[in-house]
Amino acid sequence: QKDESKDPEVYNGLAKIYVDNGTSKAAEKFLLENDLYDPATVGKFCESRDPMLAVVAYKKAMGACDDQLIEVTNKNGFFKDQAKYLVVREDVDLWAKVLTEENKYRRELIDQVVATALPTADTAQQVSVTVKAFMSADLPNELIELLERLILHDTDIAREQFRSNKNLQNLLILTAIKADKARVMDYVNRLDNYEGPQIAKIASHPEHKLYDEAFFIYKKFGMGVEAIQVLLQCKEDIEKATDFAQTWDKADVWVILGKAQLDGKMIKEAINSFLKAEDPQYFEDVIVASKTGDLFEDLIKFLLMARSKLKNSLLDNELIYSYARTDKLGELEDFINSKNNAKYPEIGERLFKEKLFLAAKIIYKFIKDNSKLALCYVHLKEFKNAVDAANDAGKIPVWKEVCFACVAAEEFKLAQRCAMHIIVYTNHLMELVMHYEYLGYFDQLIEVLEAGIGLQRAHQGIFTQLGICYCKYKEENLMQHIKEYWSRLNIPKLLQACRQHLKWLEVVYLYSYYSQHDNAIETLMDHSAECWSHDLFKKTVHQVSNSEMYYKAIEFYLQEKPLLLNDLCTDLTPKLDHSRVVTLVKRKGHVPLIKGYLLSVQPENNDIINEAINTLFYEEEDHKNLLKSVDTYPNFDQAALATLLKKHELLEFRRIAAHIYQMNQRFEESIELSKQDEMWDDAMKTAEVSANSALAENLLYFFVDKKEYECFSACLYTCYELIKPDVVLELAWRNNLVNFVMPYMIQTFTDYSNKMSVLFTKIGKLEEKLGDGKKAGDEEKDEGTPMLTAPLLITAGPPGMMGGGMPPPGMGGPMGPGGPMMGPPMGGPPMGGPMMSGIPPQQGSPFFRGT
């Protein structure tokens, strides 16, 4: 039945029988050889009877009863069997379960794995899975024990594959690095088949700091560069690195050591290391470090070595520089005369900037750079050579440098020689001037500029700057310079300087030359104490463009030069508004100052001028000139003047007032004023001029009342044509003045007789003409008829004569321009007086005809 049935229950029962009734060996054999029972069921049955058989049954499940196996082995202390099962099982997940921290039997299990299970492993896979399980469980110390047992303590020849396995050796060392650093040096020393460079790199990491172990590994594997780098970079033990380099004695190691020494400021040692390596790759760093440490002697050795390996212009430049710093000028000359790759302008500039002028001079002389050579001579105080080199260079910046250096050294002749090449350029002139001024060499600067104005290329700037220097430092030459060279000056610029230094007279001249005469006049007025002169002022004021300046000038003269105001106004007469001038001066109360000017412009008959002059004459009590002014220039406020004069205490001025009233046909007021002053003659003449019969007759009555019979007679003479004969006869008869009126009557009859004669002559001629003109029309006869009857009336005489009726012309009728049939007077006046007419001419004053 056993052979025929495959029912697991059958075999499960059979296994139980073996376990209960048989021996352990028989039961174990059945469990091992039979594959048809259920391991879980049988194992469970065996746990309480024989736990070891339960382990055998569970193993038979090939993973299906792993949990039960682990449980029974833990429960019964079968850790050796559990360890062997785990190694053989090769299940990472199962390993994770048993190696977890929650497993309180983990330590016992690990001990059995290390002591028994792993050493008996048959395949590398089993070992590998076990190691990985330990690594995954983070059991480095336990892993180290495990690996030590495999690699170092197992001497079985059959297990040589594990002892020489590279991965296991790497794992052992790496695990020790992480978990037990003290063992690492022993491992790397005893083991040979591991990844030395990688492990050394890990060991030298800052996380682990196993620098000695890393150095040992690199050295063991023949990696000198890496070994010395560990010493230098990680341990920073340059002394030990130096000993290693001497022991190793290879170029690459010396180079690394040299670079480290260079970084550590051990410049001499670094140069020696590079020389031993004969490697110039860090020549730039060596150059910088050597210059910093001033080790040019050692640098020369390095550069000579480097030049034998490289062709680089920097090396040659630095060699020249090093020769210059060590004052090896002979070697320097030999070097530049040999074949090289030096960049002479570059190294020359560098030497010059670092004030190595002797070496720079050699360089510039070799490359014939006269500009730089001149500057080298300047710094070497070889001024004559500097000037010659500057002349060969012919460049303005060079001339300036040499010139300024000569000035600073007080080599003024050489400086002037240089300056002649500078001042001809406007944009460089100011810099030169400022340099001389800053150093206080004013006279020397003036000498330079005075020489400069004689140059063929002299320009406006030179003349202007010379003027400014005169203004500042030699003012006695300034005016002459302006007068001679004003056309070549920058006048605004020089003006600014003169104003700044208070040279006001020169400012006036500059404004005049610049055609800014208004500004010149303002300057003369604003700074009169320093620059005013009457002739200059008159000459300048004539040329101003703004007419307001004339009146500002007048105000200025009123305030500061009043006695010359008349001369100024007279000189400006054609350009002035005379009314404005008078108003201006009058407001200040100084009209007498311009009397001469006013008299010179009075012919213009301006009312304001006339009033001003009349006022002056009034104040001066000059009645003669006042009368002359009133008669000659009547354009003024005559009423106001007359009102003023009639109250004057002097007679002559009151007479002028009467005269003014007469001129304005205010005859009554004039006559009354003359009466008050008993100026009878003036009154009579005013009446005559008025041509008013009433005024004349009133005057006759006045004289009769005053018993001024002589004046009565004189008035008849003066006012002959205005007085009616009947009025005269009546006054004479009433006042017994026949003798005083007889001349008048004689003259009246004479005039009457002459008029009649002339009238008859004209009538006769008219009658003859009418007789010859018979063909004339009736209208002409009608017109001629009254003319024929007129002589009859005249011949018969007027009814008023000798018995009444109309008085004859010249006797009873009105006389003067308004009388009927009144023609011009005939014959001369009575008493042989001068010829009289209807109205006397208004030429001059009748009051003063005889004076």
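Residues numbered from 1 in each chain as written. Predicted model: local features only at pLDDT ≥ 70, side-chain atom pairs only at ≥ 80, totals over all residues. Heavy atoms only, no water.

## Comments concerning the overall build of the protein
Each helix and strand counted, the protein has 53 helices and 0 strands in total. Evaluated residue by residue, the protein yields a buried proportion of 46% over its 851 residues. Carbon and sulfur atoms make up 50% of the accessible area of the protein, which totals about 43900 Å². (Helix = DSSP H or I, 4+ residues; strand = E, 2+ residues; numbered from the N terminus. Buried < 20%, exposed > 50% of the residue type's maximum accessible area, 1.4 Å probe, protein only. Areas by Shrake-Rupley, 256 points an atom, 1.4 Å probe, with all protein chains shown as cover.)

## A closer look at the packing of helix α15 (residues 211-220) against helix α16 (residues 224-234)
Running from amino to carboxyl end, α15 crosses α16 at an angle of 160°, the nearest separation of the two axes being 8 Å. Here α15 is positioned roughly antiparallel relative to α16, judged by the angle of their axes. In this structure, α15 crosses over α16, and the sense of that crossing is left-handed. Here Y211, A214, F215, Y218 and K219 of α15 lie close against α16, whose contacting residues are E226, A227, V230, L231 and C234. (Axes fitted to C-alpha atoms, helices over the stretch in contact; angles between N-to-C directions. Parallel < 35°, antiparallel > 145°, perpendicular 65-115°, else oblique. Left-handed = near helix turned anticlockwise from the far one by under 90°. Contact = heavy atoms within 4.5 Å.)

## Things to note about the pattern of salt bridges
Using the criterion set out here, one finds 25 salt bridges in the structure. K309 is the partner of E278 in a salt bridge, and the nearest nitrogen-oxygen pair spans 3.6 Å. Remark: K309 occurs in helix α21 (residues 296-309) and E278 occurs in the loop between α19 (267-277) and α20 (283-293); sequence separation between them is 31 residues. Since its relative accessible area comes to 47%, E278 is described here as partly exposed. (Salt bridge = Lys/Arg side-chain N within 4 Å of Asp/Glu carboxyl O.)

## Considering a nonpolar patch on the surface
On the surface, V738, M742 and I746 cluster together to form a nonpolar patch covering roughly 250 Å² of accessible area. One can find M742 in helix α52 (residues 738-772). (Patch = residues over 30% accessible without salt bridge, like charges linked within 9 Å, V, L, I, M, F, W, Y side chains within 5 Å.)

## Side note on the packing of helix α5 (residues 66-76) against helix α6 (residues 79-89)
Axis separation between α5 and α6 bottoms out at 8 Å; the angle between their running directions is 155°. Judged by the angle between their axes, α5 and α6 are roughly antiparallel. The way α5 lies across α6 gives a crossing that is left-handed. When α5 is examined against α6, the residues D66, L69, I70, T73 and N74 are found in contact with a partner set consisting of F79, Q82, Y85, L86 and R89. Of the residues assigned to the contact of α5 with α6, the class counts are 5 nonpolar, 3 polar and 2 charged. (Nonpolar A, V, L, I, M, F, W, Y, C, P; charged D, E, K, R; others polar.)

## Concerning unusual backbone geometry
Backbone geometry follows two general trends: most residues other than glycine have a negative phi, and most peptide bonds adopt the trans configuration. Positive phi, normally seen in glycine, also occurs at N605, with a value near 55°. Within the secondary structure, N605 is located in the loop between α42 (595-601) and α43 (607-620). Residue N605 is classed as partly exposed on the basis of its relative accessible area, which comes to 25%. One non-glycine residue, Q665, adopts positive backbone phi at about 60°. Under the relative-accessibility criterion, Q665 is labelled exposed at 62%.

## Structural notes on the side chain of S629
Residue position: S629 is located in helix α44 (residues 623-632). A relative accessible area of 3% places S629 in the buried class. Only 2.8 Å separates the side chain of S629 from the side chain of Q602, close enough to count as a polar contact. Of note is the side chain of S629, whose polar atom sits 2.7 Å from the side chain of N614. Residue contacts for S629: discarding those within four places in its chain leaves Q602, I613, N614 and F617. (Polar contact = N/O pair within 3.5 Å; in protein donor to acceptor, adjacent residues only side chain to side chain.)

## Regarding the side chain of T464
Following the sequence through the fold, T464 ends up in helix α32 (residues 460-473). At a separation of 2.7 Å, a polar atom in the side chain of T464 contacts the main-chain amide nitrogen of N490. Setting aside chain neighbours within four positions, we find T464 in contact with R488, L489, N490, K493 and L494.

## Considerations on α5
Among the residues of α5, D66, L69, I70, V72, T73 and N74 are the ones counted as buried. Where the residues of α5 are buried, they touch α3 (39-47), α4 (51-60), α6 and α7 (92-98). Once α5 ends, the next one or two residues include G77, with phi positive near 75°.

## Topic: the packing of aromatic side chains
According to the stated counting rule, one finds 21 aromatic pairs in the structure shown. Ring centres of W532 and Y557 lie 6.0 Å apart, and the angle between their planes is 65°; on these two criteria the pair is classed as edge-to-face. On the criterion of sequence distance, the pair formed by W532 in the loop between α37 (528-531) and α38 (534-541) and Y557 in helix α39 (residues 548-560) is long-range, its members being 25 residues apart. Among the residues examined, Y557 registers a relative accessible area of 0% and is labelled buried. Counting every residue linked through ring pairs, the aromatic cluster contains W532, F537, F556 and Y557. Looking at K259, its charged tip hangs above the ring of Y282, at a distance of 5.5 Å from the centre. Above the face of the F352 ring, K372 is positioned so that its terminal group lies 5.8 Å from the ring centre. (Phe/Tyr/Trp six-rings, centres within 6.5 Å; stacked < 30°, edge-to-face > 60°. Lys NZ or Arg CZ within 6 Å of the ring centre and 35° of its normal.)

## A few points about the confidence of the model for the protein
A low pLDDT score tells you not to read the predicted coordinates there in detail. Overall, the prediction assigns the protein a mean pLDDT of 79, with 82% of residues at 70 or greater. Within the model, the stretch residues 783-851 combines pLDDT values under 50 with 117 contacts to residues more than four positions away or in other chains. (pLDDT = per-residue confidence, 0-100.)

## A word on the environment of A289
By the element assignment, A289 lies in helix α20. Residue classification places A289 among the buried residues on the basis of a relative accessible area of 13%. Along the backbone, A289 and L299 are 10 residues apart, and their C-alpha atoms lie at a distance of 9.4 Å. Those residues in contact with A289 that lie beyond four places of it in its chain are L262 and I267.

## Remarks on the environment of N341
Along the polypeptide, N341 turns up in the loop between α23 (329-336) and α24 (344-353). Along the backbone, N341 and S313 are 28 residues apart, and their C-alpha atoms lie at a distance of 4.8 Å. When sequence neighbours within four positions are dropped, the list of residues in contact with N341 reads K311, N312, S313 and D316.

## Focus: the environment of A15
Position of A15 relative to the elements: it lies in helix α1 (residues 8-21). Once the C-alpha coordinates of A15 and A26 are considered, the two residues, 11 residues apart in sequence, prove to be 10.0 Å apart. Non-local contacts of A15, meaning those with residues more than four positions away in its chain, are made with F30, L31 and V42.

## Observations regarding helix α33 (residues 478-485)
Of all the residues in α33, the buried ones are L478, M479, H481 and I482. Seen from one end, α33 has its buried residues packed into an arc of 160°, which puts them on one side. Those residues of α33 that are buried are in contact with α32, α34 (491-500) and α35 (504-513). (Arc of directions from axis to C-beta.)

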